[in-house]
Amino acid sequence: FELLMRRYNQRLFRAARAVLRDDAEAEDVLQEAWVRAFAALGRFEGRASVGTWLVKIALHEAFARRRRRQRFVALGTEDDMGLETTPGDSPEARASTRELHAALAGAIDALPEGLRVAFVLREVEGLSTAETAEALGLSPDNVKVRLHRARAALRRGLERVLGTELRAVHGFDGARCDRVVAAVMARIGP
């Protein structure tokens, strides 16, 4: 059972996090989901893969937690868990990674729930369309539609947040442009 937990912890956490948008709540749901999975292990029929079955349990727990939750906003900040940095990264690179992570997390959290959960399961966790459909109780075509809509909404959300920075990526103005124009003009003559 420990091997199952280690193999699927991240997937189940991300699925619960997609519903709850709160790391601490998602961890609590993850624990409860594992306890429930352990209790129901003998009833697992094998109609779906173990991973899909576990995701369904975690999603069920997350939806139930959200229904029970009162309107309560926890005070605190998100930590940087999951951010990949190397010891040689400059402070600027680490800050940039944190900013990008915050922008992506914010854009994903802003998605409507149905799109957010489908996106996280397919794109972040890498489940197949069929596995995602099974876990969410949807048709594969519906999963594809939700994924397409989620990508479009993320694109719009990131453009709003990163607007000028996105347009500045791989910019070719100023000195670079002048240098190329001068070199071409020199080659083609007066």
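Quick summary incoming for the structure in this document.

Rules used throughout
Residues numbered from 1 in each chain as written. Predicted model: local features only at pLDDT ≥ 70, side-chain atom pairs only at ≥ 80, totals over all residues. Heavy atoms only, no water. Phe/Tyr/Trp six-rings, centres within 6.5 Å; stacked < 30°, edge-to-face > 60°. Helix = DSSP H or I, 4+ residues; strand = E, 2+ residues; numbered from the N terminus. Buried < 20%, exposed > 50% of the residue type's maximum accessible area, 1.4 Å probe, protein only. Polar contact = N/O pair within 3.5 Å; in protein donor to acceptor, adjacent residues only side chain to side chain. Contact = heavy atoms within 4.5 Å. Core = buried A, V, L, I, M, F, W, Y, C linked by side-chain atoms within 4.5 Å. Salt bridge = Lys/Arg side-chain N within 4 Å of Asp/Glu carboxyl O.

Quick notes on the packing of aromatic side chains
Tallied over the entire structure, the rule returns three aromatic pairs. Look at Phe 1 and Trp 34: their rings are 5.5 Å apart centre to centre, the planes differ by 90 degrees, and that puts the pair in the edge-to-face class. Taken together, the positions of Phe 1 in the segment before α1 (2-20) and Trp 34 in helix α2 (residues 23-40) put the pair 33 residues apart, joining distant regions of the chain. Residue Phe 1 is classed as partly exposed on the basis of its relative accessible area, which comes to 33%. By relative accessible area, Trp 34 is classed as buried at 3%.

What about the side chain of Thr 52?
Structurally, Thr 52 can be placed in helix α3 (residues 50-68). Judged by its relative accessible area of 3%, Thr 52 is buried. Polar side-chain contacts of Thr 52 include one of 2.9 Å to the side chain of Ser 49. Discounting residues that sit within four places of it in the chain, Thr 52 has contacts with Glu 131, Glu 134 and Ala 135.

A few points about the environment of Ala 58
Mapped onto the secondary structure, Ala 58 falls in helix α3. The spatial distance from the C-alpha of Ala 58 to the C-alpha of Ala 33 is 5.1 Å, given a sequence separation of 25 residues. The contacts of Ala 58, once residues within four sequence positions are left out, are Leu 12, Val 29 and Ala 33.

A look at the nonpolar core
Within soluble globular proteins, side chains that are nonpolar tend to cluster in buried spots. Formed by 37 residues in total, the largest nonpolar core has its most connected members in Leu 12 and Leu 121. Secondary structure elements with two or more residues in this core: α1, α2, α3, α4 (91-109), α5 (113-124) and α7 (140-168). When sequence neighbours within four positions are dropped, the list of residues in contact with Leu 12 reads Leu 30, Trp 34, Leu 54, Val 55 and Ala 58.

A closer look at the pattern of salt bridges
Applying the stated criterion to the full structure yields 13 salt bridges. The shortest N-O distance in the salt bridge between Glu 2 and Arg 6 comes to 2.9 Å. You can see Glu 2 and its partner Arg 6 sitting in helix α1, four residues apart, about one turn around the helix. Arg 6 gets classed as exposed once you look at its relative accessible area, which sits at 62%. Where Glu 125 meets Arg 14, a salt bridge forms, and the shortest distance between an N and an O atom there is 2.8 Å. One end of the pair, Glu 125, is in the loop between α5 and α6 (129-136); the other, Arg 14, is in helix α1, with 111 residues separating them in the sequence. What you see here is one network of salt bridges that share partners, running through Arg 11, Arg 14 and Glu 125.

Overview of the side chain of Thr 132
Mapped onto the fold, Thr 132 is located in helix α6. The buried category is assigned to Thr 132, whose relative accessible area is 0%. Other than its neighbours up to four places away in sequence, Thr 132 contacts Ala 118, Leu 121, Arg 122, Leu 127 and Val 143.

Some words on unusual backbone geometry
Phi at Arg 21 takes a positive value of approximately 60 degrees, unusual for a residue other than glycine. Its place among the elements puts Arg 21 in the loop between α1 and α2. Residue Arg 21 is classed as partly exposed on the basis of its relative accessible area, which comes to 42%.

Honestly, it's all geometry; don't read function into it.
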